[in-house]
Amino acid sequence: MAHNVKIKNFTIGENHPPFIVAEMSGNHNQSIEKALEIVEEVAKSGAHAIKLQTYTADTLTIDKKDGDFYLGDKNSLWNGKSMYELYQQAHTPWDWHKQIFERCNQLDLLCFSTPFD
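All values reported here derive from a predicted model rather than from experimental measurement.

(A) Looking closely at the nonpolar core. Counting 16 residues, the largest nonpolar core has M24, V39, V42, I50, I100 and C104 as its most contacted members. For this core, the secondary structure elements donating two or more residues are α1 (32-45), β4 (49-54) and α4 (97-106). Element by element, the count of residues in this core is highest for α1, at six residues. M24 has contacts with A35, I38, V39, I50, K51, L52 and I100, leaving out every residue within four places of it along the chain. Counting seven residues, the second largest nonpolar core, distinct from the first, contains Y55, L86, Y87 and A90.

(B) Focus on the side chain of Q53. With respect to the helices, strands and loops of the structure, Q53 is situated in strand β4. Dropping the residues within four chain positions of it, Q53 is found in contact with E23, S25, T92, S113, T114 and F116.

(C) Focus on the pattern of salt bridges. Counted according to the given criterion, the structure contains six salt bridges. For K65, the salt bridge identified is with D63, shortest N-O distance 3.8 Å. Using a relative accessible area of 49% as the deciding quantity, one classes D63 as partly exposed.

(D) Looking closely at the environment of G72. For G72, the location among the structural elements is in the loop between β5 (70-71) and β6 (81-82). Judged by relative accessible area, G72 falls into the partly exposed class, the value being 44%. A C-alpha to C-alpha distance of 39 Å links G72 and K44, two positions 28 residues apart in sequence.

(E) Geometry of the pairing of β4. Of all six residues making up β4, six are buried, and the element is well covered by its neighbours. Where burial is concerned, the two faces of β4 agree: the one with A49, K51 and Q53 and the one with I50, L52 and T54 are both buried. Bridging between strand β3 (residues 21-23) and β4 involves three bridges; their strand directions are parallel. The residue of β4 that forms the bridge with A22 is I50. Since β3 and β4 lie parallel, the crossover through α1 that links them has a hand, and here it is right-handed.

(F) Representation of the side chain of T61 in the model. Checked against the element boundaries, T61 lands in the loop between α2 (57-60) and β5. You can call T61 buried: its relative accessible area is 15%. Filtering out sequence-adjacent residues up to four positions away, T61 remains in contact with F69, M83, Y84 and Y87.

(G) Layout of the sheet that holds strand β7 (residues 110-115). In spatial order, the strands read β3-β4-β7; together these three strands make up an open sheet with parallel pairing. Sheet topology places β3 and β7 at the edges, where each strand pairs with a single neighbour. Each strand of the sheet is rotated relative to its neighbour by a mean of 30°, with strand direction disregarded. Note: β4 against β7, six bridges, orientation parallel. Directly across from I50, in β7, lies its bridge partner C111.

So, how was this worked out
- Residues numbered from 1 in each chain as written.
- Predicted model: local features only at pLDDT ≥ 70, side-chain atom pairs only at ≥ 80, totals over all residues.
- Heavy atoms only, no water.
- Core = buried A, V, L, I, M, F, W, Y, C linked by side-chain atoms within 4.5 Å.
- Buried < 20%, exposed > 50% of the residue type's maximum accessible area, 1.4 Å probe, protein only.
- Helix = DSSP H or I, 4+ residues; strand = E, 2+ residues; numbered from the N terminus.
- Contact = heavy atoms within 4.5 Å.
- Salt bridge = Lys/Arg side-chain N within 4 Å of Asp/Glu carboxyl O.
- Pairing = 2+ DSSP bridges.
- Right-handed = clockwise from strand over helix to strand, strands pointing away.
- Axes fitted to C-alpha atoms, helices over the stretch in contact; angles between N-to-C directions.

These figures capture arrangement, not role.
Have a look at this one:
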């Protein structure tokens, strides 16, 4: 027996087309303008939804710059940074969520957030 799930105006299930979700992550580089550009491009791509990750550096780690909290891989984009600094730069600020969700609604793009921690 096939089970379907209805989310907004989308039906997800065995006898329906794939439901495509794009992940924004930290690809906005701490720019709300870039985040909204990503939303626009996702809508143009034909994806059905976009997912944000909700966290802050303070909710994931401590502000320590040595040991396991230090990124010392010379081949890494994050070389010389701490985990805290990485998460500070990569998180989507909570006060952006409303604006991102509103833009998604205007574009008939489902938006949701997954609490990361």
